[in-house]
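Results of the structural survey
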Amino acid sequence: MSELREQLQQMVDEAQWPDLTIHALNGRVIMVSRALKLVEVGEALVGDDTARFTVWLERGMLYKPTEAEIHERNRTAHRYEALIVRPFVLVHDHGLESAVL
């Protein structure tokens, strides 16, 4: 395992949506399909791998939540897995199983 991957893996943590709301409203939250690993996306972000990001975006595997979705998520008790890769917060919804939302 690469040093970067190891560091990112150690930084993955659980989060509650209220803690993510301000970041989401500022356009800093990227929702990640459960088909992808947060660490994999984090590596691509750190490495500025735009080709991989473009593919994931085109397939709907990454997206920024809308304002309506942000407020709707405040009404649920879902648990989230999050990885901060400044300036972004990569987020898995534990209830999200589909690759395309």
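In the block above lies the structure referred to throughout.
Residues numbered from 1 in each chain as written. Predicted model: local features only at pLDDT ≥ 70, side-chain atom pairs only at ≥ 80, totals over all residues. Heavy atoms only, no water.

Things to note about the environment of Val 89
In this fold, Val 89 is placed in strand S5 (residues 88-93). Placed 57 residues apart in sequence, Val 89 and Val 32 show a C-alpha to C-alpha distance of 10.0 Å. The residues touching Val 89, leaving out its near neighbours within four places in the chain, are Leu 20, His 23, Arg 28, Val 29, Ile 30, Ala 82, Leu 83 and Ile 84. (Helix = DSSP H or I, 4+ residues; strand = E, 2+ residues; numbered from the N terminus. Contact = heavy atoms within 4.5 Å.)

Looking at the pattern of salt bridges
Side chains carrying opposite charge are able to pair once their charged atoms draw close together. Counted according to the given criterion, the structure contains seven salt bridges. Note that Asp 49 and Arg 52 form a salt bridge whose closest N and O atoms lie 3.7 Å from each other. For Asp 49, a relative accessible area of 26% corresponds to the partly exposed category. Given a relative accessible area of 30%, Arg 52 falls into the partly exposed group. (Salt bridge = Lys/Arg side-chain N within 4 Å of Asp/Glu carboxyl O. Buried < 20%, exposed > 50% of the residue type's maximum accessible area, 1.4 Å probe, protein only.)

Let's talk about helix H2 (residues 17-25)
Listed in full, the buried residues belonging to H2 are Trp 17, Leu 20, Thr 21 and Ala 24. Across the axial projection of H2, the buried residues extend over an arc of 130 degrees, all falling on one side. Exposed positions of H2 whose direction lies more than 90 degrees from the buried face are Pro 18, Asp 19 and Ile 22. In this structure, the buried side of H2 is in contact with strand S1 (13-15), strand S2 (29-32), helix H5 (67-73), strand S4 (80-85) and S5. Count one or two residues on from H2 and you reach Gly 27, which has phi positive near 75 degrees. (Arc of directions from axis to C-beta.)

Observations regarding unusual backbone geometry
Cis rather than trans, the peptide bond between Arg 86 and Pro 87 has omega equal to 10 degrees. Looking at the element boundaries, Pro 87 is found in the loop between S4 and S5. If you check the backbone angles, Asp 48 has positive phi at about 55 degrees while not being a glycine. Residue Asp 48 is classed as exposed on the basis of its relative accessible area of 60%.

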